[in-house]
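# Structural characterization, general
The residues making up each chain are set out below.
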Amino acid sequence: QQPVQSPQAVILREGEDAVINCSSSKALYSVHWYRQKHGEAPVFLMILLKGGEQKGHEKISASFNEKKQQSSLYLTASQLSYSGTYFCGTADNGGSNYKLTFGKGTLLTVNP
Amino acid sequence: KAGVTQTPRYLIKTRGQQVTLSCSPISGHRSVSWYQQTPGQGLQFLFEYFSETQRNKGNFPGRFSGRQFSNSRSEMNVSTLELGDSALYLCASSYAGGAKNIQYFGAGTRLSVL
């Protein structure tokens, strides 16, 4: 089941903050966040694992609520370079038969 | 360290033809996953290969197939192309795969089916 991302799109001015949410109907093992700019490869931002472990970008913060099966990505003091489409990918198990299921994305536009 | 390389970047084919896409993972990575990206459906998982074996498969018809070579390079094949196969095809490599390892994406191959 595809996770649901909200909002679908958000427009910010430089320096403003944003929160992007990712919700799943299934219990989650891990949540992966990526940013993709038009015509480019998705770029890894962060992994959040069941149990609290995180790996990722120093300037990006995120949370993972295992009970609610939700994750949120926090973008603070936004810069023009933050513009792009943000995707969350979820895995419901840590075994070898895992697969990442991605949401449809959140388009973030940062204006001067 | 070189990133994930996908070739070709663009392809135009007609219905009924077949196509092969290539993905060279980051050196040392043994897992390669393939995704289809369309505006309507987003990123959808096709399959994952690890050490030359298909380990996971998404919900795509059998026209979509792949393989992985001993050097971890991977190819994806789509036979009997349909208009709906037009999409950006992305591959991602990971050291060992698994839900706690980072996947690094290539820039993709944009396939247009006429």
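Report follows, based on the coordinates. Just so we're clear, the structure is a prediction, and the values are computed from it rather than from any experiment.

The next point concerns the overall build of chain B. Assigned secondary structure in chain B consists of zero helices and 11 strands. If you list the helices and strands of chain B from N to C, you get β-β-β-β-β-β-β-β-β-β-β. In terms of overall dimensions, chain B is globule-like: its C-alpha atoms have a radius of gyration of 13 Å, near the 13 Å expected for 114 residues. Once the C-alpha set of chain B is aligned to its principal axes, its extents read approximately 35 × 25 × 25 Å. In chain B, which comprises 114 residues, the proportion classed as buried is 52%. Across chain B, every contact between residues at least 6 apart in sequence was considered, and the portion connecting residues at least 24 apart equals 55%. Counting every atom, chain B has about 5200 Å² of accessible surface; 49% of that belongs to carbon and sulfur. Here chain B contributes 12 positive and 5 negative side-chain charges, whose respective centroids are spaced 5 Å apart.

Here we take up the sheet that holds strand 7 (residues 61-65) of chain A. Residues and elements named next belong to chain A. The strand order across the open sheet built from four strands is 1-3-8-7, with neighbouring strands paired in antiparallel fashion. Two strands lie at the open edges of the sheet, namely strand 1 (4-6) and strand 7, each paired on one side alone. Direction aside, the axes of adjacent strands within the sheet are offset by 15° on average.

Residue-level contacts link 26 residues of chain B with 24 residues of chain A. Here chain B and chain A share an interface that buries about 2000 Å² over both sides, 55% of which is from carbon and sulfur atoms. If you sort the residues of chain B by the area they bury against chain A, B:Leu43, B:Ala99 and B:Lys100 come out on top, with a joint share of 30%. At the boundary of chain B with chain A, the tally comes to zero salt bridges. Linking chain B to chain A there are four residue pairs in polar contact (both at pLDDT 80 or more). Of all the secondary structure elements, the ones that give two or more residues to the side of chain B that touches chain A are strand 4 (31-38), strand 5 (42-50), strand 6 (53-57) and strand 9 (87-94) of chain B. Residues that form the side of chain B that touches chain A fall into these classes: nine nonpolar, 12 polar and five charged.

With that settled, the discussion passes to the environment of B:Gln54. Residues and elements named next belong to chain B. Looking at where Gln54 falls in the secondary structure, it is placed in strand 6. Its relative accessible area of 34% is what places Gln54 among the partly exposed residues. Taking C-alpha positions, Gln54 is 25 Å from Gly16, a pair spaced 38 residues apart along the chain. Apart from residues lying up to four places away in sequence, Gln54 is in contact with Phe47, Glu48 and Tyr49. There is a polar contact of 3.1 Å between the side chain of Gln54 and the side chain of Tyr49.

Take the packing of aromatic side chains next. Residues and elements named next belong to chain B. All told, the structure shown has 10 aromatic pairs over all chains when counted by the stated rule. Between Tyr35 and Phe105, the aromatic rings sit 5.5 Å apart at their centres with planes inclined by 45°, giving tilted as the arrangement. Residue Tyr35 is found in strand 4, and its partner Phe105 is found in strand 10 (residues 104-105); the two are separated by 70 residues along the sequence. Its relative accessible area of 0% is what places Tyr35 among the buried residues.

Looking now at the pattern of salt bridges. Opposite charge on two side chains lets them pair, provided their charged atoms get close. Residue and element names in this part refer to chain B. Going through the model one piece at a time under the given rule, you end up with six salt bridges over all chains. The shortest N-O distance in the salt bridge between Glu82 and Arg63 comes to 3.6 Å. Here Arg63 lies in the loop between strand 6 and strand 7 (64-68) and Glu82 lies in the loop between strand 8 (74-78) and strand 9, a separation of 19 residues in the sequence. Close ionic contact of Arg67 with Glu75 constitutes a salt bridge, the shortest N to O distance being 3.3 Å. Its relative accessible area of 16% is what places Glu75 among the buried residues. Within the structure, one salt-bridge network assembled from shared partners comprises Arg63, Glu82 and Asp85.

The rules behind the values
Residues numbered from 1 in each chain as written. Chains lettered and ligands numbered in written order. Predicted model: local features only at pLDDT ≥ 70, side-chain atom pairs only at ≥ 80, totals over all residues. Heavy atoms only, no water. Helix = DSSP H or I, 4+ residues; strand = E, 2+ residues; numbered from the N terminus. Rg over C-alpha atoms; globule rule 2.2 N^0.38 Å. Buried < 20%, exposed > 50% of the residue type's maximum accessible area, 1.4 Å probe, protein only. Contact = heavy atoms within 4.5 Å. Areas by Shrake-Rupley, 256 points an atom, 1.4 Å probe, with all protein chains shown as cover. Lys, Arg positive; Asp, Glu negative; His and termini not counted. Charge placed at Lys NZ, Arg CZ, Asp CG, Glu CD. Pairing = 2+ DSSP bridges. Axes fitted to C-alpha atoms, helices over the stretch in contact; angles between N-to-C directions. Buried area = accessible area lost by both parts, 1.4 Å probe. Salt bridge = Lys/Arg side-chain N within 4 Å of Asp/Glu carboxyl O. Polar contact = N/O pair within 3.5 Å; in protein donor to acceptor, adjacent residues only side chain to side chain. Nonpolar A, V, L, I, M, F, W, Y, C, P; charged D, E, K, R; others polar. Phe/Tyr/Trp six-rings, centres within 6.5 Å; stacked < 30°, edge-to-face > 60°.

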